[in-house]
Every structure is written in C-alpha cells, then in structure tokens.
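Analysis of the macromolecular model
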Amino acid sequence: ANNRFAVAASMPAARTSAGRPGRPIQAENGVLRSITLTNFKAHSHFHLDFNPHVNFIVGSNGTGKSAILAGVIQALGGNPNKHSGTAGGARAAQGLIQDGKDYASVVLVLYNGSDDPWETQRASTQTQARLEEERNVTVTSELTRLAGNKTSSRYKINGVAATRKQVAALAEHFNLQVENPCAVLTQAV
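Values in this document were obtained by computation on a predicted structure and should not be read as measured data.

Quick notes on the pattern of salt bridges
For the coordinates displayed, the defined rule picks out two salt bridges. Measuring nitrogen to oxygen at the nearest pair gives 2.8 Å for the salt bridge that ties glutamate 142 to arginine 154. You can see glutamate 142 sitting in strand 6 (residues 136-146) and its partner arginine 154 sitting in strand 7 (residues 150-157), a full 12 residues away along the chain. With a relative accessible area of 18%, glutamate 142 lands in the buried category.

Some points on the nonpolar core
Ile35, Phe40, Leu76, Leu108 and Leu170 are the most contacted members of the largest nonpolar core, which has 31 residues in total. Listing elements by their share of this core, those giving two or more residues are strand 2 (32-40), strand 3 (43-49), helix 1 (65-75), strand 5 (103-111), strand 6, strand 7 and helix 3 (164-173). It is helix 1 that provides the largest number of residues to this core, a total of five residues. For isoleucine 35, the residues in contact, after removing those within four places along its chain, are Phe46, His47, Leu48, Phe50, Ile68, Gly71, Val72, Val106, Val107 and Leu108.

A short note on the pairing of strand 2
Counting buried positions over the nine residues of strand 2 gives eight, a clear majority of the element. Sheet topology note: the strand 2/strand 5 ladder contains six bridges and is antiparallel. The partner of leucine 37 across the bridge, within strand 5, is valine 106. Of the pairings in the sheet, the one linking strand 2 to strand 3 comprises six bridges and is antiparallel in character. When the bridges of strand 3 are listed, serine 34 appears paired with aspartate 49. The turn linking strand 2 back onto strand 3 is made up of two residues, and lysine 41 within it adopts a positive phi angle of 50°.

The rules we used
Residues numbered from 1 in each chain as written. Predicted model: local features only at pLDDT ≥ 70, side-chain atom pairs only at ≥ 80, totals over all residues. Heavy atoms only, no water. Salt bridge = Lys/Arg side-chain N within 4 Å of Asp/Glu carboxyl O. Helix = DSSP H or I, 4+ residues; strand = E, 2+ residues; numbered from the N terminus. Buried < 20%, exposed > 50% of the residue type's maximum accessible area, 1.4 Å probe, protein only. Core = buried A, V, L, I, M, F, W, Y, C linked by side-chain atoms within 4.5 Å. Contact = heavy atoms within 4.5 Å. Pairing = 2+ DSSP bridges.

Rendered as structure tokens:
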C-alpha cells in the first residue's frame, strides 16, 4: 500500500434499480476498475483498485496524485501534457517516464459488462474465467525512452496490439473525454 496519499471511496448501500435493498447496481461500461503504473513519474510500481461509484485521491503536494490522472489520460490515447506541463511531467512524453528508467507502463482495467459493451474477441469455448474477463477491457500503454530525447508509445487492448486511434475509439465508445478540461480537470487548468 502507498501511504503517501489516501484514497477514499464512497459506496452507496446495495440497492436494486428500483431503490430497494438487494444486489448492488452494476457499474456503467467504461468505469475505471483499476490502474497500475510502472516507472511512471513518481511511481515505481503502483496499483489501485477503484470503487465503481465515487473516488477521491488526496495527499500532500508532490506525492503522485496528478501522475495517476496523467496515466489515465495517457493510456486512453490522450496527451496528459496538453493543458499543462505539470499534469504529469514535462511537456514531452519523455517526462512521463521515471528518471533513470528506460520504460514506463500504464494498465487500466475498465468495466465492460453492461449494455453496449466494447466488442472483445470471443473464444470458441466460453469458460467462467473467460466470461468474467469479458466484463472488463484492459488497456495498456507502454512508453520507451529512445536516443535523442525521443519516446515511443505502444498500446494494447486486451493484450492485442492497438493503435492510438483504436484506443481513442474505445475511449469515445465509453464517452471518456480525456482531453476535455470539463471532463478531466488537471491541476493547472
């Protein structure tokens, strides 16, 4: 556990869609279930599971809160430095890779089990584990430091190589507007 900041989650009591006590209401498609950062800004290895409803990340300055948001933006095909160089690092993508490291990665797990899911590749035989896996979409962004202050980016959706355009289409499908300052507010906007 990371004690540099706290994550507070607000979870309403289990209710049915009619508001009566019962099974918890499922999360909407596109809701962030977890994030894992490796060598990304202040985080050598960081994992956080999110509540499907409301989450708060609080802590002192310089503890990596904005780096978590920058990781979400990066993994969903956005530019975390679009509005501010302080929203996760220098204005170049190379600033997202932890000092002294040659690579960084961000892994997001998004809920995908409600109506209108993102289409995933289906196995010919459906096992319970496979059915559970299909309730999630995993998006991975890998950054590699190259010579001459350059950085390469690679993306995967459910472990399959993807383009930034495909990742952006996934974000659009879930209506995740990661570069819209009204939807994702970085610290300097």
